[in-house]
2 protein chains.
Amino acid sequence: MSALLAPQAVDLSSSNTTLVIVVGVIAILAVAIAMVFRNQVLAANDGTENMKTIAGAVQEGAAAFLNRQFRTLSIFAVVAFLLLFLLPAHTDGGNETTLKIFRSVFFLVGAGFSALIGYLGMWLATRANVRVAAAARDEGREPAMRVAFRTGGTVGMFTVGLGLLGAALVVFLFKGDAPTVLEGFGFGAAMLAMFMRVGGGIFTKAADVGADLVGKVEQNIPEDDPRNAATIADNVGDNVGDCAGMAADLFESYAVMLVASLILGKAAFGEQGLVFPLIVPAIGTITAVIGVFLTRPRSNENGLRTINRAFYISAVISGVLCAVAAFAYLPSSFADLTGAAGTPIAGYDGDPRIIATVSVLIGIVLAAVILALTGYYTGTEDKPVQDVGKTSLTGAATVILSGISVGFESAVYTAVVIAAAVYGAFLVGGSGVVALFAIALAGCGLLTTVGVIVAMDTFGPVSDNAQGIAEMSGDVDGEAAQILTELDAVGNTTKAITKGIAIATAVLAATALFGSYTDAIRSSLAENYAKFEADALVFNPGTLVGLILGAAVVFMFSGLAVNAVGRAAGAVVYEVRRQFRDIPGIMEGTGKPEYGKVVDICTKDSLRELATPGLLALTAPIAVGFGLGAGALAGYLAGAIGAGTLMAVFLANSGGAWDNAKKLVEDGNHGGKGSPAHEATIIGDTVGDPFKDTAGPAINPLIKVMNLVSVLIAPAVVGLSAIGSDTNTPLRIGIAVAAVVVLAVAVVISKRRESVIADTPAETNVAA
Amino acid sequence: MSALLAPQAVDLSSSNTTLVIVVGVIAILAVAIAMVFRNQVLAANDGTENMKTIAGAVQEGAAAFLNRQFRTLSIFAVVAFLLLFLLPAHTDGGNETTLKIFRSVFFLVGAGFSALIGYLGMWLATRANVRVAAAARDEGREPAMRVAFRTGGTVGMFTVGLGLLGAALVVFLFKGDAPTVLEGFGFGAAMLAMFMRVGGGIFTKAADVGADLVGKVEQNIPEDDPRNAATIADNVGDNVGDCAGMAADLFESYAVMLVASLILGKAAFGEQGLVFPLIVPAIGTITAVIGVFLTRPRSNENGLRTINRAFYISAVISGVLCAVAAFAYLPSSFADLTGAAGTPIAGYDGDPRIIATVSVLIGIVLAAVILALTGYYTGTEDKPVQDVGKTSLTGAATVILSGISVGFESAVYTAVVIAAAVYGAFLVGGSGVVALFAIALAGCGLLTTVGVIVAMDTFGPVSDNAQGIAEMSGDVDGEAAQILTELDAVGNTTKAITKGIAIATAVLAATALFGSYTDAIRSSLAENYAKFEADALVFNPGTLVGLILGAAVVFMFSGLAVNAVGRAAGAVVYEVRRQFRDIPGIMEGTGKPEYGKVVDICTKDSLRELATPGLLALTAPIAVGFGLGAGALAGYLAGAIGAGTLMAVFLANSGGAWDNAKKLVEDGNHGGKGSPAHEATIIGDTVGDPFKDTAGPAINPLIKVMNLVSVLIAPAVVGLSAIGSDTNTPLRIGIAVAAVVVLAVAVVISKRRESVIADTPAETNVAA
């Protein structure tokens with residue numbers, strides 16, 4: 001690890017420039033294909049008047065929420081944009097001020113792309129939902145599935161197209177200085193995605209939990225019943241959380257992974273290292289198109305099987321093409337790689353072609369294994385969910401305990417699999433920066449599947465919404481309703497799989513980003529670097545303290561997110577109960593609930609609630625870095641990665657297992673709908689809601705935001721601390737204290753909000 | 001960190017030998033005082049015939065379980081005893097073979113002391129319970145509390161007495177070689193405590209959960225109703241889990257903390273460093289006696305306040321006496337400390353007296369802060385539990401979610417407080433081994449409170465049992481029953497506090513033990529040590545992989561423990577239902593349930609279930625160390641400490657909050673007993689049972705067992721790996737594979753057991 005990233009200038013030869021342009025063209029083609037898919041979706045029949053009215057309300061609510069969310073987030077973006085100017089930038093020959101400006105500009109580009117993809121995903125999903133329902137009603141199962149798949153395909157192609165386009169553009173424009181600019185791009189993408197995940201996640205689950213608590217539990221009316229004032233909000237939530245939030249999140253995973261690969265690629269493989277990490281996802285883009293076209297439903301085939309087939313075929317094609325590309329593009333020896341001004345990077349053994357090929361394959365295999373593992377732990381046809389279903393016979397407590405066990409167990413195996421992939425790539429790379437680049441390339445291999453994964457995931461909220469609209473409109477029944485229920489169950493599993501893949505990219509990206517963190521420190525410290533290494537030993541008490549704090553932040557973030565959902569759901573419950581009490585004739589269907597009020601409450605509350613967890617992610621690394629030093633900050637990141645991996649999978653899979661255990665009972669097992677077993681699984685599902693759709697998925701961008709903040713502040717941290725050349729302890733401690741104070745104020749404010757709701761007199765808390 | 005533990009011979013001067021003898025005499029006096037307390041307890045009136053019969057059944061069941069458990073564990077002990085011979089031992093002038101023999105012998109002594117204290121605790125508690133019930137019935141509140149406190153005092157004095165005696169004996173006999181022998185002593189204590197925590201924890205919660213599921217939920221009969229066949233087993237469980245398991249656990253915390261302090265003390269302070277860590281707990285022993293005498297109930301004072309007062313007074317006295325001892329015993333300069341053969345240890349700045357005093361005070365303050373923090377998060381009079389109670393109005397799902405939030409939040413603040421204490425001691429110590437010793441001394445400061453803490457904790461199961469016996473006998477009612485209910489609620493909070501203190505000692509001990517781990521590696525590697533440091537950088541992918549695995553083991557261990565309780569409780573449920581169905585007249589009180597059968601099921605199942613989590617703790621570090629190397633093993637330990645701290649507090653405090661939220665509702669809030677709110681909190685409490693009494697508390701010994709295994713195998717790991725002088729890769733990988741295989745077989749066997757129960761036909765699963 002001692003010989004890490006040697007700072008050197010890298011230019012691009014004309015043939016490599018051409019290759020980067022080709023990648024850019026592929027990216028633009030992907031966006032064009034996305035537009036074609038989009039038009040196909042919009043061309044489909046959009047249902048009865050009733051269905052259109054409902055869909056219109058959902059569209060309006062979702063757009064209103066995202067618009068308000070973007071306005072709120074623009075404050076954070078402006079502050080971050082300005083603060084970025086204060087932080088030193090590493091240059092590779094270019095002018096530092098120019099680079100700082102472009103780093104900040106590309107921060108906005110990254111954030112803008114994240115927002116754009118989220119918005120596009122939401123926009124299309126809120127139009128596709130009603131079309132899926134209409135297709136199921138008028139044309140049958142396969143046309144319905146096709147519309148849902150095409151919607152996913154659109155969002156998937158947008159995600160990979162824009163991610164690749166951004167990265168190729170930066171490499172084309174900045175060449176050897178690309179990594180510095182990319183830090184801004186990645187940070188923008190990750191920060192916005194994190195906020196969208198948290199905000200959307202709170203919205204969707206506040207509405208869902210609130211609707212269930214009053215509707216299913218108290219009034220005993222079915223899900224998506226139009227008499228429930230929270231139903232429109234629930235459907236809006238699917239689109240802003242599961243769809244917009246997820247699309248932004250996967251875009252961010254894609255962008256940050258590319259950033260990490262390009263930073264390390266330049267150091268490990270020189271010029272070729274700046275190009276190869278673009279070739280791999282470009283191949284993935286092509287195979288994603290193949291995958292989306294392959295997703296053709298066969299009659300009587302489970303929808304999950306269709307999706308899995310498309311995934312595996314496109315993964316195999318990606319693997320073969322990547323190997324071909326590695327052998328065609330890379331030289332057989334490190335000596336033939338082009339470093340700065342034609343200088344080869346010496347000192348590493350091995351054949352770059354084999355290192356690249358094996359690493360990429362590790363990533364592709366990792367995606368396949370996670371797909372299978374998550375499918376096993378959350379699918380209705382496998383043992384874990386069936387066992388959770390059986391425990392419903394002994395009541396809600398055993399349902400909760402068995403779901404938690406499934407979550408713990410699947411988290412352990414997923415973490416072990418991810419760790420094995422990291423270790424495998426590490427062994428393939430050998431040592432130092434090549435090993436880190438190998439890990440990043442494994443991440444690129446994982447990325448080749450992102451197009452298909454996004455397509456799979458978008459399938460979830462679209463079919464969930466389609467079912468909701470069908471149910472509310474009352475215009476769909478019989479076989480068509482059955483089709484939509486099946487699609488909804490498939491969507492639950494694909495959503496869980498996406499979360500597994502997302503957290504794997506987070507671990508690989510974060511491990512690789514560690515390289516850029518130490519690089520930033522190395523270039524600031526020069527001959528004092530050894531002192532940093534002595535500080536960053538894992539058994540150094542300072543590092544260990546950082547590590548405990550990093551793990552603590554994951555727990556705190558999860559707790560804040562779960563709590564926020566609880567609070568917002570409480571507000572929804574009060575409002576829905578109020579409407580049942582105050583609006584005459586709701587239960588009889590003669591009075592109409594005020595759906596808009598609940599949408600408003602969810603919008604207002606989730607925007608208010610996203611600040612505290614978001615600030616935690618931004619301020620905690622600043623406090624640890626400036627307060628305890630660069631070694632403790634390294635420990636902090638490691639602790640966050642370790643605890644974050646396990647917590648994210650635990651939350652996602654226990655939630656997925658509960659959701660599908662409920663589906664099992666609803667399908668007639670253990671007493672079926674309305675039985676005590678059903679009631680027990682509804683409790684499990686409600687507990688799982690904020691686990692799997694709010695806290696769990698937000699941990700993925702959280703890890704990356706904290707990593708990128710650390711990379712960005714690293715030069716300033718060592719500059720001000722005792723291991724740097726110039727020290728300014730009062731300023732350093734002052735910054736740390738300021739960060740803690742900001743965070744503490746945010747926590748106190750959200751605590752106070754909690755009291756307000758918890759102290760609402762118990763009488764107003766009882767259903768009429 | 002580079003100048004860690006310099007190997008050198010240390011002898012004891014005659015004045016220091018005298019001091020060690022004085023410490024030994026204090027330890028023996030503590031045991032003598034314990035005997036006096038014991039006799040006071042036994043002298044109390046032991047109730048009506050009915051009560052005696054019930055108490056007799058509990059005594060018999062508890063003794064039978066512990067005897068069978070010790071027989072089972074003796075297999076593990078013999079295997080470990082023999083394997084210890086195979087591992088190299090570090091010597092400080094003594095003969096290696098002799099040291100190996102004594103290390104193994106003291107392994108048995110440590111294990112034996114753990115077992116003995118557990119047994120004594122259980123023995124006395126099963127006799128005290130009925131006496132507390134009788135005192136409440138015949139004499140009133142204060143005599144009842146006094147008997148309960150005296151029982152706690154006995155166990156507390158035994159714990160500190162035997163722990164101190166063992167350590168003083170080893171230092172007296174082996175002087176400079178004491179650390180090597182103490183590794184065996186600590187390992188024996190920790191291993192046995194871990195198994196007792198897991199086995200007893202499964203027993204107690206299988207019986208409790210099983211009893212509640214059939215009794216409270218299905219048959220709607222109160223807790224401890226004699227018609228429930230699981231009641232005796234439930235009361236036995238309190239004694240073997242909360243009492244025997246807890247006493248062994250705290251003894252182990254005490255012993256391991258002393259071991260770590262003596263190892264580091266020798267390296268940091270030379271001869272005085274071998275004596276001062278004995279003086280601090282000797283002072284703690286004296287103040288514990290004062291504390292126990294101070295615990296005099298005042299009329300109309302909440303029991304918790306009485307206990308807290310005793311704690312704070314004895315903590316202040318300890319702090320003052322330790323400062324006096326430091327200034328009286330230690331010199332003012334490092335130059336005046338006696339290293340080997342009179343050589344002072346050079347190269348460290350600072351005044352040893354101030355370092356020692358401040359460090360010890362940090363530990364004492366830490367104990368007080370954790371006491372307050374845990375009391376806040378789990379006490380019925382504070383906001384968190386009251387908020388959880390309020391959420392019962394919106395059903396079980398919100399109770400679960402709010403309890404989980406409380407758990408997460410309290411885990412974060414507790415972890416931050418512990419981390420602050422570690423960091424504070426680290427700053428006081430300055431650098432290198434002195435900093436580590438300062439952390440260990442903070443641990444010793446914490447230890448001064450253990451006597452009172454054990455006394456407080458034992459109070460819990462004794463009063464819980466007293467209430468059970470009173471209820472079952474039907475001979476206690478009115479005010480006396482009220483008194484016992486109050487004592488039981490106080491016990492819930494004291495139990496949660498003990499767990500907080502225990503996990504704090506685990507973090508301090510583990511951080512300090514890291515020093516012995518690196519020392520073991522240093523003495524094996526000599527000039528190759530720098531290579532290990534390069535491997536142990538926190539951002540090295542190998543270390544990071546180890547870290548993820550370490551965190552994963554904590555999740556897996558928790559999942560296994562929760563699962564084991566679920567399985568064993570399932571078996572209890574089937575048996576109790578069978579008895580209700582097959583034995584005529586149970587519900588009418590004319591037929592008598594077969595209590596013994598349920599005790600048998602719990603005994604058999606918990607002994608079968610403890611193997612897998614236990615093996616996980618023993619084999620996982622072996623697999624990581626031999627398979628991935630010493631750097632990855634360091635990362636593994638760090639990951640386990642980070643995740644373990646948070647998980648342990650999360651599990652303990654969410655469980656404690658649910659338990660007391662239920663008590664709140666039972667006290668008449670939110671609808672009181674029998675209301676839907678009550679039902680919701682019962683579900684919360686049942687989920688919390690295995691959290692707080694099985695998985696959570698077992699994480700404390702788990703961390704230490706894994707640390708000590710790593711210290712013991714470290715020389716062999718580096719000897720066989722590439723960074724050692726002689727390498728034998730096939731043997732190294734072979735050992736790792738063997739460890740993985742043993743673990744995999746254990747997991748598969750417990751999975752199979754799971755299937756057997758889960759596949760029991762649903763009809764047998766429905767109450768008659």
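Located above this text is the structure these notes cover.
Residues numbered from 1 in each chain as written. Chains lettered and ligands numbered in written order. Predicted model: local features only at pLDDT ≥ 70, side-chain atom pairs only at ≥ 80, totals over all residues. Heavy atoms only, no water.

(A) Expanded view of the overall build of chain A. Secondary structure summary: chain A contains 21 helices and zero strands in total. Against the compact-globule benchmark of 27 Å for 768 residues, chain A has a radius of gyration of 25 Å, which places it among compact chains. Projected onto its principal axes, the C-alpha positions of chain A cover 80 × 55 × 45 Å. Across the 768 residues in chain A, those meeting the buried criterion constitute 70%. Here the contacts in chain A between residues at least 6 apart in sequence split such that 84% fall between residues at least 24 apart. A total of about 21,600 Å² of accessible surface is found on chain A, and carbon and sulfur atoms cover 62% of it. Positive and negative charge centroids in chain A, built from 46 and 61 side chains respectively, lie 2 Å apart. (Helix = DSSP H or I, 4+ residues; strand = E, 2+ residues; numbered from the N terminus. Rg over C-alpha atoms; globule rule 2.2 N^0.38 Å. Buried < 20%, exposed > 50% of the residue type's maximum accessible area, 1.4 Å probe, protein only. Contact = heavy atoms within 4.5 Å. Areas by Shrake-Rupley, 256 points an atom, 1.4 Å probe, with all protein chains shown as cover. Lys, Arg positive; Asp, Glu negative; His and termini not counted. Charge placed at Lys NZ, Arg CZ, Asp CG, Glu CD.)

(B) Region of interest: a nonpolar patch on the surface. Residues and elements named next belong to chain A. A cluster of nonpolar side chains, contributed by Ile21, Val25, Leu29, Leu169, Phe172 and Leu173, occupies part of the molecular surface with about 520 Å² of accessible area. Elements with a minimum of two residues in the nonpolar patch: helix H1 (14-43) and helix H4 (141-174). Taking the relative accessible area as the measure of exposure, Val25 reaches 43% and is therefore partly exposed. (Patch = residues over 30% accessible without salt bridge, like charges linked within 9 Å, V, L, I, M, F, W, Y side chains within 5 Å. Salt bridge = Lys/Arg side-chain N within 4 Å of Asp/Glu carboxyl O.)

(C) Molecular detail of the interface of chain B and chain A. The interface of chain B with chain A comprises 78 residues on the first partner and 78 residues on the second. Where chain B abuts chain A, roughly 6,900 Å² becomes buried across the two surfaces, and 80% of that area is made up of carbon and sulfur atoms. Per-residue buried area on chain B facing chain A is highest for Phe408(B), Phe539(B) and Phe555(B); these three make up 11% of the total on that side. Inspection of the region where chain B meets chain A yields zero salt bridges. (Buried area = accessible area lost by both parts, 1.4 Å probe.)

(D) Geometry of the relation of the copies chain B and chain A. Turning chain B through 180° and shifting it by 0.0 Å along the axis lays it on chain A, with an RMSD of 0.0 Å. These values place the two chain copies in the arrangement generated by a two-fold rotation axis. (Least-squares fit on C-alpha atoms with pLDDT ≥ 70 in both.)

(E) The arrangement of the packing of helix H9 (residues 352-378) of chain A against helix H11 (residues 396-429) of chain A in detail. Residues and elements named next belong to chain A. The N-to-C vectors of H9 and H11 enclose an angle of 175°; their axes lie 9 Å apart at closest approach. Judged on the interaxial angle alone, H11 and H9 are roughly antiparallel. Each of Ile355, Val358, Ser359, Ile362, Leu366, Val369, Ile370, Leu373 and Tyr377 in H9 lies in contact with H11, whose residues at this interface are Val406, Glu409, Ser410, Tyr413, Thr414, Val417, Ile418, Ala421, Gly424, Ala425, Val428 and Gly429. (Axes fitted to C-alpha atoms, helices over the stretch in contact; angles between N-to-C directions. Parallel < 35°, antiparallel > 145°, perpendicular 65-115°, else oblique.)

(F) View of the packing of aromatic side chains. Per the stated rule, a full pass over the model turns up 54 aromatic pairs over all chains. The interplanar angle of 45° and the centroid separation of 5.6 Å between the aromatic rings of Tyr529(A) and Phe532(A) together place this pair among those described as tilted. Here the residue Tyr529(A) and the residue Phe532(A) both occupy positions in helix H15 (residues 529-535), the gap between them amounting to three residues, near one helical turn. Of the two residues, Tyr529(A) and Phe532(A), neither departs from the other in class, the shared state being buried. Here the aromatic rings of Phe269(B) and Phe334(B) are separated by 5.5 Å at their centres, their planes lie at 85°, and the arrangement is edge-to-face. (Phe/Tyr/Trp six-rings, centres within 6.5 Å; stacked < 30°, edge-to-face > 60°.)

(G) The arrangement of helix H2 (residues 49-86) of chain A in detail. The terminal C-alpha atoms of H2(A), which comprises 38 residues, lie 55 Å apart, in line with the 56 Å expected from a rise of 1.5 Å per residue. At Leu73(A), H2(A) shows its strongest bend, of approximately 25°. (Expected span 1.5 Å × (residues − 1). Bend = angle between axes of the 7 residues up to and from the residue.)

(H) Focus on the state of the cysteines. For the structure on display, the rule yields zero disulfides over all chains. Take Cys444(A): it sits in no disulfide, and the sulfur closest to it among the cysteines is that of Cys322(A), at 8.9 Å. (Disulfide = S-S within 2.5 Å.)

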